[in-house]
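Overview (structure and organization)
Chain by chain, the residues run as shown.
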Amino acid sequence: MEPVVELVRAHKRYGSVEALRGVDLAIHRGEVVAMLGPNGAGKTTSINLMLGLRRPTSGQARLFGRDPGDRQARSRCGVMLQESGLPMGLRVRELVDLFRAYYPDPMPAGRALALAGLEEQARVQANKLSGGQLRRLYYALAICGDPELLFLDEPTVGLDVESRRAFLGTIADFAAEGRTIVLTTHYLEEADELAERVVVIDRGRVIADASPGEIKSQVAGKRVSFDCPQPLDEAALQGLPLRHLELRAGKVRMLTNQPEEVLREMFRRGIEIRNLEVTGADLEEAFLALTGRHTPANGVQTARRPEAEEVVG
Amino acid sequence: MNATLTSQRRRAEVAPLGRMVAAQVRGTLLFYWRNPAFFVFSLVLPVFFYSFFGLAFGQQRVARNVTVSYLIMAQMGAYAVSSILVFNIGIGQANRRATGQDRLLRATPLPAWVALFADVVGGLALSLLSLLALFVVAVAAGGVRLGLPEWGSLLLRLLLGSLPLLGLGLAIGYGASQNAAPALANLIYLPMSFASGMFIPIQTLPDFVRAIAHYLPAYHYTQLVLGQFGVSQEALWRSALWLAGWGIVLFAVAIRLYRLDQIRKFA
């Protein structure tokens with residue numbers, strides 16, 4: 001079957017920066033694909049090429065077998081971009097109606113509003129919406145054309161925990177209708193929860209392309225976590241065979257391929273251990289192992305998870 | 001749910017153009033309706049200036065059946081239309097670029113020209129509204145009396161002659177940033193309008209300004225409009241030719257700047 005969207009040996013250079021260095025990717029009907037990677041890895045550039053918002057420096061991008069700029073191809077897609085604006089003063093319902101007119105076979109406006117959870121805000125002006133509601137409006141504008149293929153570029157950025165969870169549910173429902181969805185995220189849990197296929201991009205290359213389970217299994221490592229009542233610093237854990245270490249307020253989380261060795265050494269050093277847990281690595285740790293780098297979010301030592309996010313907007 | 005998606009074979013490959021255009025025009029008019037601050041000056045200032053100059057000094061006769069009041073009405077009409085083209089449509093493009101509206105539209109199947117067309121229709125609506133207010137005041141208080149064909153001809157001159165200034169507005173809107181665009185528009189458009197005799201009779205300006213004025217689009221626009229009352233300083237064909245030339249140049253610049261912006265963002 002012909003892929004819905006594909007990149008063939010796609011390179012993209014912005015001036016001296018090589019954003020994509022030969023990406024091959026074919027996405028088929030009904031797939032839900034998460035593009036995962038740190039900031040600047042090339043996720044958004046990949047999506048821009050698929051959408052025709054950018055042209056590959058070399059290689060090819062195809063959308064429904066056509067050039068991505070083709071209006072027929074675009075008429076079958078919906079898009080939620082990271083940064084985009086709306087005309088001031090128009091109400092939610094008016095904007096949805098406006099965007100519906102762009103598509104040959106749109107869904108009823110009421111359905112788009114219901115799917116986005118914006119029924120009560122239908123008569124509110126877009127510039128008076130909260131941050132979370134505004135994301136939902138962009139989502140409504142993305143789906144109102146009844147797209148076969150939906151692009152979501154960092155759909156939950158800037159949402160608080162509750163809105164994020166609700167919004168992920170909304171997207172999952174849409175995916176369950178058999179739509180093809182391509183989303184970018186640097187929240188690994190998001191990819192794990194929504195996608196059946198994860199494409200990990202780092203420094204302009206695809207470094208892994210598999211199911212979340214397979215990606216996790218590529219990492220033999222174990223997550224060791226425990227509480228430590230005594231003050232503990234990194235020096236006390238010097239020399240242990242760790243791949244990753246996180247110390248926060250008496251809670252220790254570490255990633256290692258030799259959990260038995262680590263525990264034996266810690267007992268030997270007399271480190272007090274409570275609530276010990278040894279588990280298989282999750283997607284986040286798989287990511288660390290794959291990219292050989294710390295957090296995808298912003299390069300600080302602790303890997304941030306959605307729960308730890310500040311409430312923004 | 002899967003069935004709904006597959007049974008729904010697409011009837012058409014793309015949306016009907018008429019529906020897109022109608023929706024986009026409606027959106028533009030709604031935008032103006034909800035944001036009167038964006039056009040209130042274009043609407044009020046020409047009427048205000050007309051009331052000030054036209055009513056105070058307008059009763060002097062310049063030809064049979066024509067008083068100065070007629071001329072000032074025509075000049076303020078030119079000012080109204082051209083400032084809407086430069087400030088509303090032109091700077092509107094800079095705002096749309098700055099807020100990323102162009103990116104979002106670019107990702108939809110809407111052809112880019114439809115959005116511009118809707119902007120022009122919106123500007124036309126504002127122009128007609130502004131001219132209507134001006135004409136009503138001129139008739140009611142300024143003693144202006146014209147037959148229907150003359151009103152029609154004046155309107156046609158005001159609208160067609162303004163096209164080069166649409167080019168100017170778009171060039172500014174595609175070339176300058178959101179912050180720079182209004183300043184640049186004021187810097188170019190206001191001195192040009194003054195020097196072109198749009199506000200004060202060209203005869204009262206210093207010689208060197210008049211020498212420059214003969215090359216400016218706003219001068220020929222003003223002359224084209226004044227020609228309606230037989231007081232133009234040049235023949236109609238001359239005004240038309242100058243305006244056509246300026247139109248070609250300014251639209252060429254606008255198209256060039258538009259392409260550069262597109263390449264920067266979407267290449």
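Given the structure is predicted, the values throughout are model-derived calculations rather than measurements.

1. Here we look at the overall build of chain A
When helices and strands are counted, chain A shows ten helices and 13 strands. Split into buried and exposed, the 313 residues of chain A put 44% on the buried side. Of all intrachain contacts in chain A linking residues separated by at least 6 positions in sequence, the fraction that spans at least 24 positions is 68%.

2. Quick word on the packing of helix α4 (residues 68-98) of chain B against helix α6 (residues 112-141) of chain B
In helix packing, the relevant descriptors are the interaxial angle and the interaxial distance, both defined with respect to the helix axes. Residue and element names in this part refer to chain B. Two elements in contact, α4 and α6, have axes separated by 9 Å at closest approach and are oriented at 155°. Classified by the angle their axes make, α4 and α6 are roughly antiparallel. Our pair here, α4 against α6, has a crossing hand that is right-handed. In this structure, α4 uses Ser-69, Met-73, Met-76, Gly-77, Ala-80, Val-81, Ile-84, Leu-85, Asn-88, Ile-89 and Gly-92 to contact α6, whose residues at the interface are Asp-119, Val-120, Gly-123, Leu-126, Ser-127, Ser-130, Leu-131, Leu-134 and Ala-138. Residues that form the contact of α4 with α6 fall into these classes: twelve nonpolar, seven polar and one charged.

3. Topic: the pairing of strand β6 (residues 149-153) of chain A
Regular strands have side chains that alternate between both faces of the sheet. Residues and elements named next belong to chain A. Within β6, five of the five residues are buried, which leaves it mostly tucked inside the rest of the structure. Of the two faces of β6, the one lined by Leu-149, Phe-151 and Asp-153 and the one lined by Leu-150 and Leu-152 are each fully buried. Bridge analysis of strand β5 (residues 77-80) against β6 gives four bridges, and the strand direction is parallel. Within the sheet, the bridge partner assigned to Met-80 lies in β6 and is Leu-152. Regarding the hand of the β-α-β motif, the stretch spanning β6, helix α6 (residues 161-176) and strand β7 (residues 180-185) is right-handed.

4. A look at the sheet that holds strand β8 (residues 197-202) of chain A
Residues and elements named next belong to chain A. Spatial ordering of the open sheet is given by β5-β6-β7-β3-β8-β9, a layout of six strands whose pairing is mixed. Pairing within the sheet leaves two strands with one partner each, and these edge strands are β5 and β9 (205-210). Put simply, the sheet's adjacent strands are angled 15° from each other on average, direction ignored.

5. Focus on the nonpolar core
Counting residues in hydrophobic clusters, the biggest one holds 81 residues, and the most contacted among them are Leu95(A) and Ala140(A). Considering every element that reaches this core, the biggest residue donor is helix α5 (residues 131-143) of chain A, with seven residues. Dropping the residues within four chain positions of it, Leu95(A) is found in contact with Leu86(A), Leu90(A), Ala126(A), Leu137(A) and Leu141(A). If you look at the next biggest cluster of nonpolar residues, it comprises 55 residues, including Met76(B), Ala80(B), Ile91(B) and Ala213(B).

6. Some details on the sheet that holds strand β2 (residues 17-27) of chain A
Two orientations exist for strands paired in a sheet by backbone hydrogen bonds: parallel and antiparallel. All names here are of chain A. The sheet built from three strands is open, its strands ordered β2-β1-β4 with antiparallel pairing. The outermost strands of the open sheet, each flanked by one partner alone, are β2 and β4 (58-63). Taking each pair of neighbouring strands and ignoring which way they run, the sheet shows an average axis angle of 20°. Where strand β1 (residues 5-14) lies against β4, five bridges are found, and the strand directions are antiparallel. Looking at β4, one finds that His-11 is bridged to Ser-58. This element, helix α1 (residues 43-51), spans β1, β2 and β4 of the sheet and lies at about 120° to β1.

7. Concerning the interface of chain A and chain B
At the interface, 31 residues of chain A touch 30 residues of chain B. Looking at the side of chain A that touches chain B, the elements that each hand over two or more residues are α2 (71-74) and α3 (92-100) of chain A. Examining the composition of the side of chain A that touches chain B, we find that four residues originate from one element, α3(A), more than from any other.

8. Some details on the confidence of the model for chain A
Residue and element names in this part refer to chain A. Residues of chain A with pLDDT of at least 70 account for 88%, and the chain-wide mean is 84. When mean pLDDT is compared element by element in chain A, α3 scores highest at 96, while helix α10 (residues 283-291) scores lowest at 67. Of the regions scoring below 50 in pLDDT, residues 294-313 engages in 31 contacts with residues more than four places distant in sequence or in other chains.

9. A word on the packing of α4(B) against helix α11 (residues 217-226) of chain B
Residues and elements named next belong to chain B. Running from amino to carboxyl end, α4 crosses α11 at an angle of 135°, the nearest separation of the two axes being 9 Å. Judged by the inter-axis angle, α4 sits oblique to α11. Crossing of α4 against α11: the hand is right-handed. Along the contact surface, α4 presents Leu-71, Ala-74, Gln-75, Gly-77, Ala-78 and Ser-82, while α11 presents Ala-218, Tyr-221, Thr-222, Val-225 and Leu-226. Considering only residue class, the contact of α4 with α11 consists of seven nonpolar, four polar and no charged.

10. Side note on helix α2 (residues 17-34) of chain B
Under the 1.5 Å per step criterion, the end-to-end length of α2(B) is 26 Å for 18 residues, consistent within 8% with the ideal 26 Å. Among the residues making up α2(B), those that are buried are Met20(B), Ala23(B), Gln24(B), Gly27(B) and Thr28(B). The arc that holds the buried residues of α2(B), viewed along the axis, is 135°, so those residues lie on one side. Along α2(B), exposed side chains directed more than 90 degrees from the buried face belong to Gly18(B) and Trp33(B). Contact partners of the buried residues in α2(B): α3 of chain A together with α6 of chain B.

11. A few points about unusual backbone geometry
All names here are of chain A. The backbone of Phe-64 shows a phi angle near 50°, a positive value even though the residue is not glycine. Relative to the helices and strands, Phe-64 resides in the loop between β4 and α2. Within the chain, Glu-154 stands out as a residue other than glycine whose phi angle is a positive 50°. Tracing the sequence through the fold places Glu-154 in the loop between β6 and α6. Using a count of 21 C-beta atoms within 10 Å as the deciding quantity, one classes Glu-154 as buried.

What counts, and at which threshold
Residues numbered from 1 in each chain as written. Chains lettered and ligands numbered in written order. Predicted model: local features only at pLDDT ≥ 70, side-chain atom pairs only at ≥ 80, totals over all residues. Helix = DSSP H or I, 4+ residues; strand = E, 2+ residues; numbered from the N terminus. Buried ≥ 20, exposed ≤ 12 C-beta atoms within 10 Å, placed from the backbone. Contact = placed C-beta atoms within 7 Å. Axes fitted to C-alpha atoms, helices over the stretch in contact; angles between N-to-C directions. Parallel < 35°, antiparallel > 145°, perpendicular 65-115°, else oblique. Left-handed = near helix turned anticlockwise from the far one by under 90°. Nonpolar A, V, L, I, M, F, W, Y, C, P; charged D, E, K, R; others polar. Pairing = 2+ DSSP bridges. Right-handed = clockwise from strand over helix to strand, strands pointing away. Core = buried A, V, L, I, M, F, W, Y, C linked by C-beta atoms within 7 Å. pLDDT = per-residue confidence, 0-100. Expected span 1.5 Å × (residues − 1). Arc of directions from axis to C-beta.

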